[in-house]
Structures are given as structure tokens and as C-alpha cells.
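Examining the three-dimensional arrangement
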Amino acid sequence: MLAERARQGYGAMDRGVHSPREIEYKAFAKVTRALKLSADDTASNIGKRAKALHDNRQLWTILATDLASVGNKLSETLRADLLSLAAYSISQSSRAIKDPALLPGLIEINTNMMRGLGTKQ
């Protein structure tokens, strides 16, 4: 489900070429890149930061919705951990609009998610 929502929210991709994990990875990569760019320009462009943080909240909200769905096949423990991380990321994204010092933490969380999605199972 997350892959389908990421596909819808972050651009159509060839379903035959990319796995759901690759699509999720690409969604996190796109949002994380925008966060990094906005972190480099914190003082002069609040609009860029607000857009990047909005997209980050949206991505984590999609992830949380997928994790809470009945059809999610991850273990309950992993789902609970990821739901907690989603809630934290959404909250910090809202706070980071006024406090750009929170951006590196959000970037680190997303980067760790990308590392996890990039590993073979």
C-alpha cells in the first residue's frame, strides 16, 4: 500500500521495473533531498523549508496509514516502532518550520529509513 501511495504522491513509475521497496526508497530520497536543500538555505527561504517539511509530514502520514492497515504484513513490534517514529517525524516536521535546527535530525531519520529500505531481504 505504501508503494502505491508513494507512486501516486511522488510521480508515476513503471510498475514492472521498480519493486515496492525501490519506490518507497525513491519517495524518501526525494523528500530527504528537499530537506537537505532547505537546511542549507535556512535563513533566506522559509518557503522552501515549509514545502520540504510539508512533504516530509505527508510521506510519514502515508507510511503511518499503511502501517496501521489490516493488510500490513510487518511484525507487530516493527509496526509499532515505525508508527512511533512516524509520529515523532510528523511532530518534529511541524516544529522545524520555526526551528530549522531540527532539520538534521529529520534528515538522519529519513536517511536511516532509506538504508533499511536499501537492504536486501
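A short tour of the structure in this document, coming up. (Residues numbered from 1 in each chain as written. Predicted model: local features only at pLDDT ≥ 70, side-chain atom pairs only at ≥ 80, totals over all residues. Heavy atoms only, no water.)

Each helix and strand counted, the chain has 5 helices and 0 strands in total. Listed N to C, the secondary structure of the chain is α-α-α-α-α in terms of helices and strands. Counting over 121 residues, the chain shows a buried share of 37%. Accessible surface, the chain as shown: approximately 7,000 Å² in total, 56% of it carbon and sulfur. (Helix = DSSP H or I, 4+ residues; strand = E, 2+ residues; numbered from the N terminus. Buried < 20%, exposed > 50% of the residue type's maximum accessible area, 1.4 Å probe, protein only. Areas by Shrake-Rupley, 256 points an atom, 1.4 Å probe, with all protein chains shown as cover.)

It is worth spelling out the nonpolar core at this point. Taken as a class, soluble globular proteins show a tendency for nonpolar side chains to be buried jointly. Ranked by size, the top nonpolar core spans 23 residues in total, and within it Phe 28, Leu 35, Leu 53, Trp 60, Leu 63, Ala 96 and Met 113 carry the most contacts. Secondary-structure elements contributing two or more residues to this core are α2 (20-40), α3 (46-68), α4 (76-95) and α5 (103-118). (Core = buried A, V, L, I, M, F, W, Y, C linked by side-chain atoms within 4.5 Å.)

Time to look at the packing of aromatic side chains. Following the criterion strictly, the structure yields 1 aromatic pair and no others. Look at Phe 28 and Trp 60: their rings are 5.3 Å apart centre to centre, the planes differ by 75°, and that puts the pair in the edge-to-face class. Within this pair, whereas Phe 28 is found in helix α2, its partner Trp 60 is found in helix α3, the two being separated by 32 residues in sequence. What makes Phe 28 buried here is its relative accessible area of 1%. (Phe/Tyr/Trp six-rings, centres within 6.5 Å; stacked < 30°, edge-to-face > 60°.)

At a minimum axis distance of 10 Å, the contact between α4 and α5 shows a crossing angle of 145°. Pair α4 / α5 crosses with left-handed handedness. Only Leu 106, Ile 109 and Met 113 of α5 make contact with α4, whose side of the interface consists of Leu 82, Leu 85, Tyr 88, Ser 89, Gln 92 and Ser 93. Class assignment for the residues of the contact of α4 with α5 results in 6 nonpolar, 3 polar and no charged. (Axes fitted to C-alpha atoms, helices over the stretch in contact; angles between N-to-C directions. Left-handed = near helix turned anticlockwise from the far one by under 90°. Contact = heavy atoms within 4.5 Å. Nonpolar A, V, L, I, M, F, W, Y, C, P; charged D, E, K, R; others polar.)

Further remarks concern the environment of Leu 83. Secondary-structure assignment places Leu 83 in helix α4. For Leu 83, a relative accessible area of 31% puts it in the partly exposed group. On a C-alpha basis, the gap between Leu 83 and Ala 68 in space is 7.9 Å, while along the polypeptide they are 15 residues apart. Those residues in contact with Leu 83 that sit more than four places away from it in its chain are Ala 64 and Leu 67.

Bringing α4 into the picture now. Across its 20 residues, α4 extends 29 Å between first and last C-alpha, which sits within 8% of the 28 Å expected from 1.5 Å per residue. Here α4 has its buried residues at Arg 79, Leu 82, Ala 86, Ser 89, Gln 92 and Ser 93. Looking straight down α4, one finds its buried side chains confined to an arc of 155°; they lie on one side. Seen from the buried face of α4, the exposed residues on the opposite side, beyond 90 degrees, are Glu 76 and Thr 77. Buried residues in α4 make contact with α3 and α5. (Expected span 1.5 Å × (residues − 1). Arc of directions from axis to C-beta.)

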